[in-house]
Amino acid sequence: MPCYNPADGWVYNLFDNLRQLQACHPNLIIHLILVNDGSTRGIHPADIKFLQENLTHFSYLHHKVNQGKGFSVRRGVQASLNPFCLYTDIDFPYTLESMAKIINWLMQAEADILVGVRETEYYAQVPPIRIKISQVLQLLTKHLLHLPINDTQCGLKGFNQKGKQVFLKTKTNRYLFDLEFIYLISKAPTSLSIQPVTVMLKPEVNFSRMDIKILLQESYSFLKILFRSSVE
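Residues numbered from 1 in each chain as written. Predicted model: local features only at pLDDT ≥ 70, side-chain atom pairs only at ≥ 80, totals over all residues. Heavy atoms only, no water.

Peer 1: Is there a simple way to explain the sheet that holds strand β2 (residues 32-37) in this structure?
Peer 2: Paired through backbone hydrogen bonds, the strands of a sheet run either parallel or antiparallel to each other. Read across the open sheet, the three strands follow the order β1-β2-β3; overall the sheet is parallel. The sheet terminates laterally at β1 (2-3) and β3 (58-63), the two strands that pair on one side only. Across six bridges, β2 lies against β3 in parallel orientation. Within β3, the residue paired with I33 across the bridge is S59. On top of the sheet, helix α3 (residues 69-79) reaches β1, β2 and β3; it is set at about 140° to β3, its chief contact. (Pairing = 2+ DSSP bridges. Helix = DSSP H or I, 4+ residues; strand = E, 2+ residues; numbered from the N terminus. Contact = heavy atoms within 4.5 Å. Axes fitted to C-alpha atoms, helices over the stretch in contact; angles between N-to-C directions.)

So, in structure tokens, the structure goes:
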């Protein structure tokens with residue numbers, strides 16, 4: 001779970017959601033790996049101490065300087081010693097049912113990689129500018145990269161050890177690491193199974209502002225992935 005300048009109360013929200021998720025899987029060990037990606041506010045020593053004292057299975061990684069969401073998730077996945085990995089955002093934006101479904105399907109070996117996808121109901125809660133960005137990206141993904149799943153940017157995915165090996169080959173450090181991951185799966189020489197899973201947002205989720213600097217950075221990342229696909 002990557003974390004950068006989280007909102008007030010994040011640690012108790014995280015703990016409560018994790019406890020609910022664990023209750024859905026009482027016989028499963030859920031090990032939280034929290035990656036602080038160079039936060040300048042919002043994370044205090046008392047927060048980490050609270051998690052260390054109240055979670056039996058917890059690891060904390062810290063970057064002195066912000067490296068990007070992709071870099072942070074990759075580092076957390078690399079540190080994991082468990083047979084399955086699942087990543088999402090610090091505010092647990094997706095419903096408990098969505099997360100539990102991905103965990104259940106992983107345990108039942110439904111696929112090597114389970115990818116959260118968003119349907120029409122999801123976008124009723126999303127700001128208009130984010131809807132437009134998602135629509136454009138999905139069109140580009142469909143017509144230029146020809147990926148097996150067009151909705152690559154949902155922030156909830158899970159995979160087994162075969163999926164982990166592919167994920168650790170990603171190089172994108174910021175938001176489009178998800179897109180690169182799906183692209184690498186589509187090009188993997190060995191047979192990997194990938195399954196979309198419909199997920200739902202919680203009604204109280206707040207979206208951060210998407211500024212022009214981020215859009216330019218992600219446009220560059222997309223061009224790098226596109227160029228990579230054109231020469232392979």
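On we go from here.
Peer 1: I tried to follow the nonpolar core on my own but got confused; where do I start?
Peer 2: One recurring pattern in soluble globular proteins: nonpolar side chains tend to sit buried together. The biggest cluster of nonpolar side chains holds 30 residues, and the ones touching the most others in it are W10, L14, L34 and L51. Those elements that place two or more of their residues in this core are α1 (10-24), β2, α2 (45-54), α4 (96-107) and β7 (194-199). The element best represented in this core is α1, accounting for six residues. Among residues more than four places away in sequence, those in contact with L51 are W10, V11, L14, L34 and F58. Ranked by size, the runner-up nonpolar core spans 22 residues in total, among them I113, I149, L176 and F181. (Core = buried A, V, L, I, M, F, W, Y, C linked by side-chain atoms within 4.5 Å. Buried < 20%, exposed > 50% of the residue type's maximum accessible area, 1.4 Å probe, protein only.)

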